[in-house]
Amino acid sequence: MTITAGRETSDGVVEVYDEYSDANIIARISAVHDNSYKQVSFTLEEDTNVHIYALGEGGSGEMYDYGWIENTSTGRVVWEMTYRMSEHAGGSDKNRMVSSVIGLPAGSYTVYYQTDGSHAFGDWNARAPSDPENWGIAVMKAED
């Protein structure tokens, strides 16, 4: 599936805001349940600064529910949610959040998000994060 900002997907796997609510959304995978592996592709027509907002589960220095972005042409990981870059996301200590801005050159990318078998949207085994419906990853055009 390929999307650009403001276009909607039809398979329901990825929720993309319509251009009237948030024209900055490029790709979004949210409300991800246990034992999931999701992906969505997007294309940037020009070099773009993007804001990545991701919520996941981590502990003991590693992530169990997390996202990453690959350059589709090269297969190279250009961004990955790690425990060290994350901070507490409210609720249980294992809820982790990343909010960062990176520059991506024009090209095609795939966003991935995976979860393990416990503590995810709709089936929390400890206190939910402060923003439970965004359990997953969103890529947005960064504000200038």
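Residues numbered from 1 in each chain as written. Predicted model: local features only at pLDDT ≥ 70, side-chain atom pairs only at ≥ 80, totals over all residues. Heavy atoms only, no water.

**Some words on the side chain of Asn71**
Then, in step 1: Looking at the element boundaries, Asn71 is found in strand S5 (residues 62–71).
Then, in step 2: For Asn71, a relative accessible area of 16% translates into the label buried.
Then, in step 3: What Asn71 contacts, discounting residues up to four positions off in sequence, is Arg76, Val78, Ser108 and Tyr109. (Helix = DSSP H or I, 4+ residues; strand = E, 2+ residues; numbered from the N terminus. Buried < 20%, exposed > 50% of the residue type's maximum accessible area, 1.4 Å probe, protein only. Contact = heavy atoms within 4.5 Å.)

**Notes on the packing of aromatic side chains**
Then, in step 1: Summed over the entire model, instances satisfying the criterion amount to seven aromatic pairs.
Then, in step 2: Aromatic pair Tyr37 and Trp68: ring centres 6.2 Å apart, planes at 55°, arrangement tilted. With Tyr37 in strand S3 (residues 37–44) and Trp68 in strand S5, this pair connects stretches of sequence that are 31 residues apart.
Then, in step 3: Classification of Tyr37 as partly exposed rests on a relative accessible area of 48%.
Then, in step 4: Judged by relative accessible area, which is 10%, Trp68 ranks as buried.
Then, in step 5: Taking the centre distance of 6.0 Å and the plane angle of 45° together, the rings of Tyr37 and Tyr112 count as tilted. Here the residue Tyr37 occupies a position in strand S3, and Tyr112 occupies one in strand S9 (residues 107–114), the gap between them amounting to 75 residues.
Then, in step 6: For Tyr112, a relative accessible area of 10% gives the class buried.
Then, in step 7: Clustering of aromatic rings is evident, with ring pairs tying together Tyr37, Tyr66, Trp68 and Tyr112.
Then, in step 8: Between the NZ or CZ atom of Arg96 and the centre of the ring of Tyr83, over which it lies, the distance is 4.3 Å. (Phe/Tyr/Trp six-rings, centres within 6.5 Å; stacked < 30°, edge-to-face > 60°. Lys NZ or Arg CZ within 6 Å of the ring centre and 35° of its normal.)

**Remarks on the nonpolar core**
Then, in step 1: Among the nonpolar cores identified, the biggest contains 34 residues, and Phe42, Trp79, Val111 and Ile137 are the most heavily contacted of them.
Then, in step 2: Elements with a minimum of two residues in this core: strand S2 (25–29), S3, strand S4 (48–59), S5, strand S8 (95–104), S9 and strand S10 (136–141).
Then, in step 3: Sort the elements by how many residues they give to this core and S4 lands first, with five residues. (Core = buried A, V, L, I, M, F, W, Y, C linked by side-chain atoms within 4.5 Å.)

**Some details on the pairing of S9**
Then, in step 1: For S3 and S9, the ladder comprises eight bridges, and the chain directions are antiparallel. From the neighbouring strand, Ser41 faces S9, where its bridge partner is Thr110.
Then, in step 2: Relative to S9, S5 runs antiparallel, the two sharing six bridges. Bridging from a neighbouring strand, Tyr66 pairs with Gln114 of S9. (Pairing = 2+ DSSP bridges.)

**A look at the pairing of S2**
Then, in step 1: By the criterion of burial, S2 is predominantly enclosed, with five of the five residues buried.
Then, in step 2: In the sheet, S2 pairs with S10 via four bridges, with the strands oriented antiparallel. Note on S10: the bridge partner recorded for Ile29 is Ile137.

**Some words on the environment of Gln114**
Then, in step 1: Relative to the elements of secondary structure, Gln114 occurs in strand S9.
Then, in step 2: Distance in space between the C-alpha atoms of Gln114 and Asn35 is 7.4 Å, their sequence separation being 79 residues.
Then, in step 3: Those residues in contact with Gln114, other than ones at most four positions away along the chain, are Ser36, Tyr37, Tyr64, Asp65, Tyr66 and Trp68.

Keep in mind these numbers describe shape, not what the thing actually does.
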